[in-house]
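Structural characterization, general
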Amino acid sequence: MSNSTPTTAPATNQESFDRARGVLPGGVNSPVRAFGSVGGTPRFYVKASGSYVTDVEGRSYIDLVNSWGPAILGHAHPEVIDAVQQAASRGLGFGASTPAETELAELVRARISVGGVSPIERLRLVSTGTEATMTAIRLARGATGRRLLVKFAGHYHGHSDGLLAEAGSGLATLSMPGSAGVTAETAAQTLVIEYNNVAALEQVFAEHGHDIAGVIFEAAAANMGVLAPQPGFNEAIVRIAHEHGALAISDEVLTGFRVDPAGYWGLDARAAAAATPETPDARWVPDLFTFGKVIGGGMPLAALGGSARIMELLAPLGPVYQAGTLSGNPVAVAAGLATLRLAADAVYSRLNQVAETLSTETSAALSAEGVEHVVQHAGNLFSFAFTPTEPMNFADVKAQQGYRYAPFFHSMLESGVSLPPSVFEAWFVSAAHDDGVVSKIVEALPAAAKAAAAASAPQ
């Protein structure tokens, strides 16, 4: 048996996929990359710049995935690359503290501030969004001495065992494992209820409030398509949790620093302040936030933050243990610092403009072909559901004519536009999507809409 590694790089995407399946489970290191929802051969990318990605065959595509969010400035922004290269030249990691970690924490604290309310007093850097949410949950349990967690059906918070739970048969029943390898005992510590349903939240606390440590929620759902909270829903989460002595954990791994300089919390707080300028407060303030994606500028970096009172329960000051050799890695921190410093108001203005144009034009193309759909928005994050009425929760999202997305996706791909390979994912734009790029995307839409219209439901 030879242990030699092939020296010739695969020439096609199919060859790349075939080779990958020989050594990687399913040929990928994250399931959505396998194109299981849309079929066909995944693209294997070797280069990215600005608003484009290039595959092993040398074909370039306009990118509307943007590394699932962090490429807010566009790919390979020169100043971000320079910051990373400078940091790497000083060493890839030290297993010790660096001044840049403090700079990043101070920058995050300054950005998450609206109307005089600044909820981030302490920040702990970690490497992934899963690690951030896992730690936030442990911290909530440590702070309250309670065991149960509440989450919403369709919200995704990483792949730690307790969060891979599926809803039971009632509004507030104990959950079942959502993945092989998750024990029933672990899943039973998570209560999964319907999103955008205040009555369900009140009921779960009425039945289990004495044992609930916290509620974790996406500030705006973006893993079942984009599904924003109904007005007042996030505020209700915080209020009801606090009434029962539980913590509210806002997961901004996707929305943080992308939909607003202060994330979705900032977007909501600014809207509230504008609506009632006489009382410009933040309306709802979670106890803990989790961040990922943009905070690392495309490098493996994430964080959790909140009040000093709660955060200082973490080791070394408190009894809640968390550690990580790569936490606060200097190269990743350099990418995050450069990205956040460059993500000024003009960047968000451009993101909003591009998102509005593309969502409007896509909707118009679908409407012209008679395809039932709704546009779903949360700031500059958007997606489409193939349904005549706006979804309110995960059950509504799953009931859509999702089979229309695969032909739509492949038509766009053939036209040189790379969309998320699942109807349940958000579309991500960047500041590098200029007017010429936007025009090319719009030109590809009519053919894609025709393909969606011609799709037939599976038998």
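Reading the values: the criteria
As a convention, each chain's residues are numbered from 1 in the sequence order in which they are written. In keeping with the model being predicted, local features are shown solely for residues with a pLDDT of at least 70 and side-chain atom pairs are shown and tallied solely at 80 or more, while totals for entire chains, interfaces and linings include all residues. The side-chain quantities take in all heavy atoms of the structure and omit both hydrogens and water. Put simply, DSSP marks the helices as runs of H or I at least four residues long and the strands as runs of E at least two long, and each gets a number from the N terminus on. The globule rule used for comparison is 2.2 Å times the number of residues to the exponent 0.38, while the radius of gyration itself is calculated over C-alpha atoms. Working definition: with a 1.4 Å probe on protein chains only, accessible area under 20% of the residue-type maximum means buried, over 50% means exposed, and in between means partly exposed. Here the open area of atoms and residues is found with the Shrake-Rupley method and a 1.4 Å probe, where only the protein chains shown may cover a residue. Charge assignment: positive for Lys and Arg, negative for Asp and Glu; neither His nor the chain ends contribute. Charged side chains are reduced to one point each, which is NZ for Lys, CZ for Arg, CG for Asp and CD for Glu. In this analysis an axis means a line fitted to C-alpha atoms, helices contributing only their contacting stretch, and an angle means the value between N-to-C directions, from 0 to 180 degrees. Helix crossings are classified by the rotation of the near helix relative to the far one: an anticlockwise turn of less than a right angle makes the crossing left-handed, while a clockwise turn makes it right-handed. Should any heavy atoms of two residues lie within 4.5 Å, those residues are counted as being in contact. Take the buried Ala, Val, Leu, Ile, Met, Phe, Trp, Tyr and Cys residues and link them wherever side-chain atoms come within 4.5 Å; each set so joined is a nonpolar core. At least two bridges found by DSSP between two strands are what make those strands a pair. Confidence scores here are pLDDT values: one per residue, from the predictor, ranging 0 to 100. The working definition used for a salt bridge is a side-chain nitrogen of Lys or Arg within 4 Å of a carboxyl oxygen of Asp or Glu.

**Regarding the overall build of the chain**
For the chain, the helix and strand inventory stands at 14 helices and 15 strands. Relative to the 2.2 N^0.38 estimate, which gives 23 Å for 459 residues, the radius of gyration of the chain is 22 Å and therefore close to what a compact globule would have. Within the chain, buried positions represent 51% of all 459 residues. Carbon and sulfur atoms form 54% of the exposed surface of the chain, whose accessible area is close to 19,100 Å². Computed over 28 positive and 42 negative side-chain charges, the separation of the two mean positions in the chain equals 5 Å.

**Observations concerning the packing of helix α3 (residues 99–111) against helix α10 (residues 330–342)**
The interhelical angle for the contact between α3 and α10, taken along N-to-C directions, is 35 degrees, at an axis separation of 10 Å. Once α3 is placed against α10, the crossing between them reads as left-handed. Together, A100, E101, E103, L104, L107, V108 and R111 of α3 and V333, G336, L337, L340 and R341 of α10 make up the contact between the two elements.

**Here's the deal with the nonpolar core**
Ranked by internal contacts, the top residues of the largest apolar core, which has 106 residues, are L201 and F408. Those residues within four positions of F408 in sequence are excluded, and the remaining contacts are T362, L366, L419, W427, L445, A448, A449, A451 and A452.

**Here we look at the pairing of strand β11 (residues 288–291)**
Of the two faces of β11, both are covered, the one formed by L288 and T290 as well as the one formed by F289 and F291. Bridge count between strand β10 (residues 247–252) and β11: 4 bridges; the pairing is parallel. Counted as the bridge partner of I249 is L288 from β11. Pairing between β11 and strand β12 (residues 302–306): 4 bridges, direction antiparallel. In the sheet register, T290 faces β12, and the bridge partner there is L304.

**What about the sheet that holds strand β9 (residues 212–218)?**
Sheet strands pair via backbone hydrogen bonds, and the direction of the pair is either parallel or antiparallel. Spatially, the 7 strands line up as an open sheet ordered β4-β12-β11-β10-β9-β5-β8, and their pairing is mixed. Pairing within the sheet leaves two strands with one partner each, and these edge strands are β4 (122–126) and β8 (190–193). Ignoring which end each strand starts from, the neighbouring axes of this sheet average 20 degrees apart. Judged from the 5 bridges that link them, β4 and β12 form a sheet pairing that is antiparallel.

**Side note on the sheet that holds strand β15 (residues 417–418)**
Taken in spatial order, the 4 strands make up an open sheet running β1-β2-β3-β15, and their pairing is mixed. The sheet terminates laterally at β1 (45–49) and β15, the two strands that pair on one side only. Where β1 meets strand β2 (residues 52–55), 4 bridges bridge the pair, whose relative direction is antiparallel. Within the sheet, the bridge partner assigned to K47 lies in β2 and is T54.

**Quick notes on the confidence of the model for the chain**
Looking at the chain as a whole, its pLDDT mean stands at 93, while 95% of the residues score no less than 70. Taken together, the stretch residues 168–174 has pLDDT below 50 and engages in 17 contacts with residues farther than four places along the chain or on a different chain.

**A short note on the pattern of salt bridges**
The tally for this structure, following the rule as stated, stands at 9 salt bridges. Here R122 and E312 are joined by a salt bridge, their closest N and O atoms 2.8 Å apart. On the criterion of sequence distance, the pair formed by R122 in strand β4 and E312 in the loop between α9 (308–311) and α10 is long-range, its members being 190 residues apart. With a shortest N-O distance of 3.0 Å, D435 and R350 are connected by a salt bridge. Of this pair, D435 sits in helix α14 (residues 435–454) while R350 is found in helix α11 (residues 345–368), placing the two residues 85 residues apart along the sequence. On the accessibility criterion, D435 (52% relative accessible area) is exposed. Judged by its relative accessible area of 16%, R350 is buried.

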